[in-house]
Structure formats: C-alpha cells, structure tokens
Amino acid sequence: MSEPRINDRIRVPEVRLVGPNGEQVGIVRVEDALRLADEAGLDLVEVAPTARPPVCKLMDFGKFKYESDMKAREARKNQSNTILKEIRFRLKIDPHDYGTKKGHVERFLKAGDKVKVMIMFRGREQSRPEMGFRLLQRLAEDVSDLGSVESSPRQDGRNMVMVIGPHKKKAEAKAEERRRKDSAEQEAADQATPASQSPDGEGSQPDQAPVTAS
C-alpha cells in the first residue's frame, strides 16, 4: 500500500473530493480542496491515487492514523495461530488412562488447537495394527462434537498417527472463553449482592402496622 499523500504533497490540478462524512463534493481544483480543508481544520488526504482524477478526502489524518493502528493491533491480538498438540497412547491402555488422555484431547480442541494422536507399538504389538486403528477410531468418535479427523490413521514406523482438527478456530475459541469468563464474573457479582438490599444501599424493612395510643 502506497503512502497517502497529504495537503500540498498532492501534485495534480484537480481531484474528486469526498467530504469528512463520506459525502461526494465533486471534482474541484486542488487549491479549492486545500482551502476547504483549511477552513474545516482538516487534512486533505489522497485515498485513491490511481483514479482519474485522484480521489481525496477531508479528514483528521492524525485521528485516522490512530484508529487504523488500534484496529490493526486488535486484529493481531485476536489472530491466534493454531498449535499442533501431541498426545501418546499405549495400545493396551486401561479405561482410566484412556479417559484422562481423552480429556486432554478435548481440552486442546476446545482451545482451538489441532491434536496429533500417536499410538506406540511395542514388540509383537506391531503385528496388530488393526487394534491401533480401532483405538484411534474410537477416540475420533468420542470427541466428534469438538473436532474431526484431518489426517486418517497411518503407520509411521513403530507408531500409528492421526490428526484431529477443531471445529472452532483459535480466535473463536478464545472469544468464547472470554464471554464465558465475563458471564461467570457477572453471575458471581450478582450473587454477592443481597437480594433485600435497596438501591440506596439500605436494607429494606418489613412493613409495620401503625401504632395508635389508647
């Protein structure tokens, strides 16, 4: 993107002028556009230099530059690279260990990361690759609500490998986590406020019958 030309750096006789609120002013001489910018306390910025005539806009360039930088910073903040996590299974894994490792896979997928699942074969286990395939298929089905298989199970030496990708992108997962956290904090704050407390900070008193002298 070419650097925008501002005010007297615009080297053309006429420009198509756009007002500060996006209104079309029309084709005017550069001298007139500069005068209008000076009267409004704004800058004359060339926004489409390849147009014929070039398009210029009246704006506060300092404010425009600041807002552009803030948007770019926010975009970089929200842009998160997907990380490939790795978790290893044994072919003869007991139910408790399976549940623990499946929980790790689910946590990674919820965070928007891919998971490389590896089964390590030992000794004569290498002659039973179908058992490893069934175990990986079982895992893929158990976490299907969070992710799907991106790379089908394949033999890699003594190991069998499968890659599961998340349904949600990293940025979406982080945004959802922030919303969940904000909601939990708001709920905690609501619970901390006594239900009987009145807006002026004094507890409401039960209605009492008037007392009359006998």
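Higher on the page you've got the structure.
Note that the coordinates shown come from a computational prediction; the quantities given were computed from them, not determined experimentally.

Attention shifts here to the packing of helix H3 (residues 95–110) against helix H4 (residues 129–142). Across the interface, H3 lies against H4 with an axial gap of 11 Å and an inter-helix angle of 55 degrees. For the element pair H3 / H4, the angle class is oblique. As for how H3 packs across H4, the hand of that crossing is right-handed. In contact with Tyr 98, Lys 102, Val 105 and Glu 106 of H3, H4 contributes Leu 135, Arg 138, Leu 139 and Asp 142. Taken together, the residues of the contact of H3 with H4 sort by class into 4 nonpolar, no polar and 4 charged.

Okay, helix H1 (residues 30–40) next. Here H1 has its buried residues at Val 30, Ala 33 and Ala 37. Here the buried residues of H1 occupy an arc of 60 degrees about the axis, which is enough to place them on one side. Exposed and oriented more than 90 degrees from the buried face of H1 are Asp 38 and Glu 39. One or two positions beyond H1, positive phi appears at Gly 41, with a value near 70 degrees.

So, on to the nonpolar core. Phe 89, Val 105, Leu 109, Val 115, Val 117, Ile 119 and Leu 139 are the most contacted members of the largest nonpolar core, which totals 21 residues. Residue assignment for this core shows that the elements contributing at least two residues are strand S5 (84–90), H3, strand S6 (114–120), H4 and strand S8 (159–166). Discounting residues that sit within four places of it in the chain, Val 117 has contacts with Ile 87, Phe 89, Leu 136, Leu 139, Met 160, Val 161, Met 162 and Ile 164. Leu 17, Val 30, Ala 33 and Leu 44 belong to the second-largest nonpolar core, a separate cluster that totals 9 residues.

Here the structure, examined in full by the defined rule, presents 2 aromatic pairs. On the basis of an interplanar angle of 35 degrees and a centroid distance of 6.0 Å, the ring pair of Phe 61 and Phe 64 is categorised as tilted. Of this pair, Phe 61 and Phe 64 are both found in helix H2 (residues 61–78), 3 residues apart, which corresponds to roughly one turn of the helix. Taking relative accessible area as the criterion, Phe 64 reaches 39% and is therefore assigned partly exposed. We note Arg 138 situated over the ring of Tyr 98; from NZ or CZ to the ring centre the distance is 3.8 Å.

As a further point, take the pattern of salt bridges. Oppositely charged side chains can pair when the atoms bearing their charge come close. One pass over the structure, following the stated rule, counts 7 salt bridges. Between Arg 35 and Glu 39 there is a salt bridge, with its nearest N and O atoms 3.3 Å apart. Of this pair, Arg 35 and Glu 39 both sit in helix H1, 4 residues apart, which is roughly one turn of the helix. We classify Glu 39 as exposed; its relative accessible area is 55%.

Thresholds, definitions, all that
Residues numbered from 1 in each chain as written. Predicted model: local features only at pLDDT ≥ 70, side-chain atom pairs only at ≥ 80, totals over all residues. Heavy atoms only, no water. Axes fitted to C-alpha atoms, helices over the stretch in contact; angles between N-to-C directions. Helix = DSSP H or I, 4+ residues; strand = E, 2+ residues; numbered from the N terminus. Parallel < 35°, antiparallel > 145°, perpendicular 65-115°, else oblique. Left-handed = near helix turned anticlockwise from the far one by under 90°. Contact = heavy atoms within 4.5 Å. Nonpolar A, V, L, I, M, F, W, Y, C, P; charged D, E, K, R; others polar. Buried < 20%, exposed > 50% of the residue type's maximum accessible area, 1.4 Å probe, protein only. Arc of directions from axis to C-beta. Core = buried A, V, L, I, M, F, W, Y, C linked by side-chain atoms within 4.5 Å. Phe/Tyr/Trp six-rings, centres within 6.5 Å; stacked < 30°, edge-to-face > 60°. Lys NZ or Arg CZ within 6 Å of the ring centre and 35° of its normal. Salt bridge = Lys/Arg side-chain N within 4 Å of Asp/Glu carboxyl O.

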